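# Observations on the three-dimensional arrangement
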Amino acid sequence: MTGSYDISTLILAVAAALVVWWLYTVLGTRNGHERPPFDPFQNPSPKEDTRPGFGQNTNALRMPVPANDATPVKPITDPDRWKGVIAEGSSADKGLDAILVADPAFSGSSFLSGARSAYEIILTAFAAGDTKTLKPLLAPDVYASFAQVIGERRERGERVETTFVSMDQACIESADVRGRMAHIVVRFVSKLISATYDKAGAVVAGEAGKVADVTDVWTFERDIGSRNPNWLLVTTHSDA
């Protein structure tokens, strides 16, 4: 009786093992409909910073936003495909078309949304001497220049107070693709209040309380052959 029980138990165990093995071979096989592996460059979770131009766990400039959040791009044959994005009379459409061909997820309107955010963030961080915020937004040589100015300012005991009043205009002036690198030049017209104070509290640059009109022309760059969607500020120029 005992021997019969042991044999039955053994048979059941073997059968169970075969069933488990069969399920594994079927369910463990990829059929093309599985959820893809986690991709850090997709939408950030709601708990993370979702302001325009921000990536997951970083301040790096992400432009455009993921395709499911972006305004659908009109066909390249549509004459109004970049309307509201490029400056009037600009020939930037050809460069933007080249970027779009290389990166079908590119959206000019989403890019400008991120660029506006980056502009305010970079100006504010530079004034505050916040190199941690600046570093992931700038190309290495630009960051080195910014950090040098911040260091020299600290050595002199100076402080800068900057208030961002408004963004009056942001438009793409030119764009091109050189090899794997895409470049977009953006003209910003804004209003700022900025003043630099020395150790004694005297204003040595700018004017406290005065709203100034500022025009900056910045160039952003991205490797469009990379999965990394971050754009970096590579050159800055201020118009008088």
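This structure is a prediction, so every number in the text was calculated from the model and none was measured. Each chain has its residues counted from 1, following the order in which its sequence is written. Since the coordinates come from a predicted model, pLDDT governs what is reported: local features require at least 70, and pairs of side-chain atoms require 80 or more to be given and counted, while whole-chain, interface and lining totals use all residues. The side-chain quantities take in all heavy atoms of the structure and omit both hydrogens and water.

## Some details on the overall build of the protein
- Secondary structure is summarised from DSSP: a helix means a run of H or I of at least four residues, a strand means a run of E of at least two, and numbering begins at the N terminus for each. Across its full length, the protein carries five helices and seven strands.
- Remark: exposure states derive from per-residue accessible area (1.4 Å probe, protein chains only) relative to the maximum for the residue type, with buried under 20%, exposed over 50%, and partly exposed in between. Counting every position in the protein, which comprises 240 residues, the buried fraction comes to 35%.
- The protein chains shown are the only cover counted for residues, whose accessible areas, like all others here, come from Shrake-Rupley with a 1.4 Å probe. Total accessible area on the protein stands at roughly 14500 Å², and carbon and sulfur atoms take up 57% of it.

## Focus on helix α5 (residues 140–156)
- Take the number of residues in a helix, subtract one, and multiply by 1.5 Å to get its expected span. Compared with an ideal rise of 1.5 Å per residue, which puts 17 residues at 24 Å, α5 spans 24 Å between its outermost C-alpha atoms and is within 8% of the ideal.
- Listed in full, the buried residues belonging to α5 are Val-142, Tyr-143, Phe-146, Ile-150 and Arg-153. Seen end-on, α5 carries its buried residues on one side only, within an arc spanning 100°. In α5, those exposed residues whose orientation departs by more than 90 degrees from the buried face are Pro-140, Asp-141 and Glu-155.
- Contacts are assigned to residue pairs with any non-hydrogen atoms lying within 4.5 Å of each other. Tucked into the core, α5 has its buried residues touching α3 (108–128), α4 (131–134), β3 (159–178) and β7 (230–239).
- In the segment just after α5, Gly-157 is the residue with positive phi, at about 75°. Here, the arc refers to the directions that run from the helix axis to the C-beta atoms.

## Some remarks on α3
- If you check α3, its first and last C-alpha atoms are 30 Å apart, about what 21 residues at 1.5 Å a residue would give, namely 30 Å.
- One or two positions beyond α3, positive phi appears at Gly-129, with a value near 70°.

## Observations regarding the nonpolar core
- Of all hydrophobic cores here, the largest spans 40 residues; its most connected members are Phe-111 and Ile-184.
- Elements with a minimum of two residues in this core: α2 (92–102), α3, α5, β3, β4 (181–197), β6 (212–223) and β7.
- Sorting elements by how many residues they give to this core places α3 first, with nine residues.
- Each residue touching Ile-184, except ones within four places of it in the same chain, is listed here: Leu-96, Ile-99, Phe-106, Phe-111, Ile-172, Ser-174, Ala-175, Trp-218, Thr-219, Phe-220 and Trp-231. Among buried residues, those of type Ala, Val, Leu, Ile, Met, Phe, Trp, Tyr and Cys that are joined through side-chain atoms within 4.5 Å constitute a nonpolar core.

## Considerations on the side chain of Arg-81
- Within the secondary structure layout, Arg-81 lies in the loop between β2 (58–62) and α2.
- Residue classification places Arg-81 among the buried positions, given a relative accessible area of 16%.
- Within the structure, the side chain of Arg-81 is placed 2.7 Å from the side chain of Asp-97, a separation counted as a polar contact. Side-chain atoms alone can form a polar contact between residues adjacent in sequence; in general such a contact is a pair of N or O atoms within 3.5 Å, and within protein one must be able to donate a hydrogen while the other accepts it.

Function cannot be inferred from these measures alone, as they are strictly geometric.
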